[in-house]
Amino acid sequence: MEPGEKKKEKEEEKMVMTVLHGAVIITMDDQNRVFKDGGLVIEHDTIKAIGHSSQILAQFSHLAHHLVDLTGHILLPGLINTHVHTSQQLGRGIADDVDLMTWLHDRIWPYESNMTEHDSYISTLLCGIELIHSGVTCFAEAGGQHVSGMARAISLLGMRACLAESIMDSGNGLPSSWAARTTHDCLQSQKDNYNKYHNTADGRIRVWFGIRQIMNSSQQLLLETRDAAAQLRTGIHMHVAEIPYENQLVMDVHKVNHGTVTYLEKIDFLQKNLLAAHSVWLHDNEISLFSRAGVKVSHCPASAMRMLGFAPVREMLGAGICVSLGTDGAPSNNRMSIVDEMYLASLINKGREVYNSGNTDPTALPAETILRMATANGAKSVLWDDEIGSLAVGKKADIVVVNPWSWPMVPVHDWVSNIVYCMRTENVVSVMCNGLWIMKDKKIMNVDEEEVILNAKEASAELVKRAGITLPTRMNVI
Ligand SMILES: [Zn+2]
């Protein structure tokens with residue numbers, strides 16, 4: 001092929017136009033527009049036009065290479081899961097119904113510290129498949145093992161992600177391979193990852209800095225991470241204020257009058273590019289500190305209910321904090337469905353009002369707030385809202401197609417509440433990311449789902465054996 005021909009082919013590829021029409025389109029744009037019979041035009045990887053089907057068809061149908069009739073379906077912006085442990089997917093079920101210290105020291109640390117790069121690749125593929133089935137096009141990795149393995153998997157799956165390494169430079173009881181890492185090693189390895197993988201896979205992969213949690217971070221690590229992230233203009237993902245013990249330890253060691261957030265403010269660590277996962281044990285003043293600094297929060301309802309407690313989500317939203325939704329990892333949630341998290345976030349925060357006022361409050365966190373948390377707020381949380389989080393002209397074509405015409409969602413009187421309160425993962429039929437279908441009619445497009453499941457079964461069995469994890473027998477197994 002002549003060089004000129006290649007260029008021509010590239011230009012033609014850029015010009016490919018797809019028109020979706022006939023659908024209810026919940027845009028989540030600044031005006032909260034919902035088109036009852038909407039059309040959307042995608043050129044290459046970008047949304048070129050959106051409007052009523054009749055107008056869109058009149059203007060673009062003769063130019064379209066693909067005309068897709070989605071009558072009866074609902075279109076949403078790609079959902080964004082802002083706290084995911086891709087490395088933990090092979091560890092689903094290894095730490096159910098155990099206390100937090102057993103969870104961490106006897107199950108998760110041995111498991112994660114024994115992961116190979118290949119394990120990370122398989123684990124991320126398996127995790128990605130589950131995320132895509134639940135309509136997720138973009139996620140924030142909470143900090144895991146082998147960013148190279150994660151990047152290979154994400155590149156192949158066709159999704160977007162902000163990847164981060166699990167980083168700890170201090171603390172008791174760490175596996176020996178982790179304890180040997182210096183603060184310098186921790187920072188250098190992340191800078192290397194940034195140089196290798198940031199902005200790769202057609203711009204779908206970004207690399208962030210990770211801080212696993214305060215109890216495993218020196219002050220030097222925190223400050224140098226803050227400065228390195230600012231210099232590279234990227235984000236920091238950290239578990240914050242997860243349990244009362246964490247706050248108490250911070251008070252004792254750092255002589256502050258409350259926990260992690262108070263200490264982080266004191267050392268000037270709170271910034272706009274910090275994504276604080278969980279943030280359950282904050283007092284009122286700390287909510288103000290987050291709000292003033294522009295810190296983003298990932299609320300993980302299922303995992304919080306299992307191990308952490310009730311996060312002050314209504315108060316944080318009320319203070320203007322950008323709160324989004326996350327699943328956390330498979331060993332602390334088991335289900336990696338953001339669809340389930342939307343439902344749980346609404347119910348848990350309505351029920352939590354009992355503690356505030358003595359009564360439940362069915363008006364707390366209504367459906368449109370929850371949907372915003374999973375879309376526009378998710379995009380802001382991962383510092384990507386200039387390109388994703390809503391269906392609007394000029395944004396990347398990250399789109400979820402929902403078929404509501406099966407038993408979980410019928411009848412549909414109110415599209416927005418039906419999405420939050422009724423939709424199941426099974427209602428998500430097709431998913432587009434960056435202008436390409438990554439799931440079509442429930443079929444994952446870029447990897448063989450059956451093969452990944454087989455590989456994952458094998459890799460997880462070997463990994464658990466290598467890590468020396470044995471689970472006690474439940475009930476009377478004969
Ligand atoms: Zn986590």
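Criteria and thresholds
- Within each chain, residue numbers correspond to sequence positions counted from 1 in written order.
- Reporting in this predicted model follows two pLDDT cut-offs: at least 70 for local features of residues, and 80 or more for side-chain atom pairs to be given and counted; totals over whole chains, interfaces and linings ignore these cut-offs and use all residues.
- Between any two strands, at least two bridges found by DSSP are needed for them to pair.
- Comment: elements are numbered from the N terminus, with helices defined as DSSP H or I runs of at least four residues and strands as E runs of at least two.
- To obtain each axis, a line is fitted to C-alpha atoms, and for helices this fit is confined to the stretch in contact; angles are then taken between N-to-C directions over 0 to 180 degrees.
- The split into domains, and so the bounds of each, comes from an automatic or database assignment of domains.
- We call two residues in contact when their backbone-placed C-beta atoms lie within 7 Å.
- Polar here means any residue outside two lists: the nonpolar Ala, Val, Leu, Ile, Met, Phe, Trp, Tyr, Cys and Pro, and the charged Asp, Glu, Lys and Arg; Gly therefore counts as polar.
- Each nonpolar core comprises buried Ala, Val, Leu, Ile, Met, Phe, Trp, Tyr and Cys residues, the members being joined through C-beta atoms within 7 Å.
- Backbone-placed C-beta atoms define the burial measure: a residue is buried with 20 or more other C-beta atoms within 10 Å of its own, exposed with 12 or fewer, and partly exposed in between.
- Orientation is classified from the angle alone, with under 35 degrees giving roughly parallel, over 145 giving roughly antiparallel, 65 to 115 giving roughly perpendicular, and any other angle giving oblique.
- What makes a crossing left-handed is the near helix being turned counterclockwise from the far one by less than a right angle; a clockwise turn instead makes it right-handed.
- For every residue, the predictor reports its confidence as pLDDT, a number between 0 and 100.

An unreviewed UniProt entry annotates the chain as Amidohydrolase-related domain-containing protein originating from Arachis hypogaea.

The strand order across the open sheet built from 4 strands is S6-S7-S8-S9, with neighbouring strands paired in parallel fashion. If you trace the sheet from one side to the other, it starts and ends with strand S6 (79-84) and strand S9 (205-207), each paired once. Strand-to-strand twist across the sheet, computed as the mean angle between neighbouring axes with direction ignored, equals 10°. One ladder, built from 4 bridges, connects S6 with strand S7 (residues 136-141); its direction is parallel. Looking at S7, one finds that asparagine 81 is bridged to phenylalanine 139.

One frequently used descriptor of interface size is the decrease in accessible area upon assembly of the parts. On domain assignment, one finds that the chain holds domain 1 (13-77 + 391-444) and domain 2 (79-381). Using C-alpha coordinates to define each centre, domain 1 is positioned 29 Å away from domain 2. Contacts between the two partners involve 21 residues from domain 1, matched on the other side by 26 residues from domain 2. Among the elements that take part in the side of domain 1 that touches domain 2, helix H19 (residues 415-421) stands out by supplying 5 residues, more than any other. Split into classes, the residues belonging to the side of domain 1 that touches domain 2 amount to 16 nonpolar, 3 polar and 2 charged.

Here we take up the nonpolar core. Membership of the largest hydrophobic core comes to 142 residues, with the highest contact counts inside it found for Leu75, Ile132 and Leu163. Broken down by element, this core gets its largest block of residues, 8 residues, from helix H4 (residues 117-133). When residues of this core are assigned to domains, at least three fall in each of domain 1 (13-77 + 391-444) and domain 2 (79-381). For isoleucine 132, the contacting residues outside a window of four places in its chain are Leu157, Met159, Val431, Ile438, Met439 and Ile444.

This brings us to the packing of helix H7 (residues 183-197) against helix H8 (residues 219-232). Running from amino to carboxyl end, H7 crosses H8 at an angle of 20°, the nearest separation of the two axes being 10 Å. Our classification of the angle between H7 and H8 gives roughly parallel. As H7 packs across H8, the resulting crossing turns out to be right-handed. Facing Thr183, Cys186, Leu187, Lys191 and Tyr194 of H7, the residues of H8 in contact are Gln220, Leu221, Glu224, Thr225, Ala228 and Leu232. Among the residues forming the contact of H7 with H8, the class breakdown is 6 nonpolar, 3 polar and 2 charged.

Another point: the pairing of strand S15 (residues 399-402). Burial of the side chains of S15 extends over both faces: Ile399 and Val401 are buried on one face and Val400 and Val402 on the other. As defined by bridge partners, strand S5 (residues 74-77) adjoins S15 across 4 bridges and the pair is classed as antiparallel. Paired with leucine 76 across the two strands is valine 400, which belongs to S15. Direction of pairing for S15 relative to strand S16 (residues 428-433): antiparallel, over a ladder of 4 bridges. Residue valine 400 lies in a different strand from S16, and its bridge partner there is valine 431.

What follows deals with the sheet that holds strand S10 (residues 209-213). Read across the open sheet, the 5 strands follow the order S10-S11-S12-S13-S14; overall the sheet is parallel. The sheet is open, and its two edges are formed by S10 and strand S14 (323-325), each paired on a single side. Between one strand axis and the next, the sheet turns by 25° as a mean value, whatever way the strands run. One ladder, built from 3 bridges, connects strand S13 (residues 296-299) with S14; its direction is parallel. From the neighbouring strand, serine 298 faces S14, where its bridge partner is serine 324.

Moving on, we come to the confidence of the model for the chain. For the chain, the average pLDDT comes to 95, and 97% of its residues sit at 70 or higher. Overall, residues 1-5 carries pLDDT values under 50, and its contacts beyond four positions in sequence, including any with other chains, amount to 1 contact.

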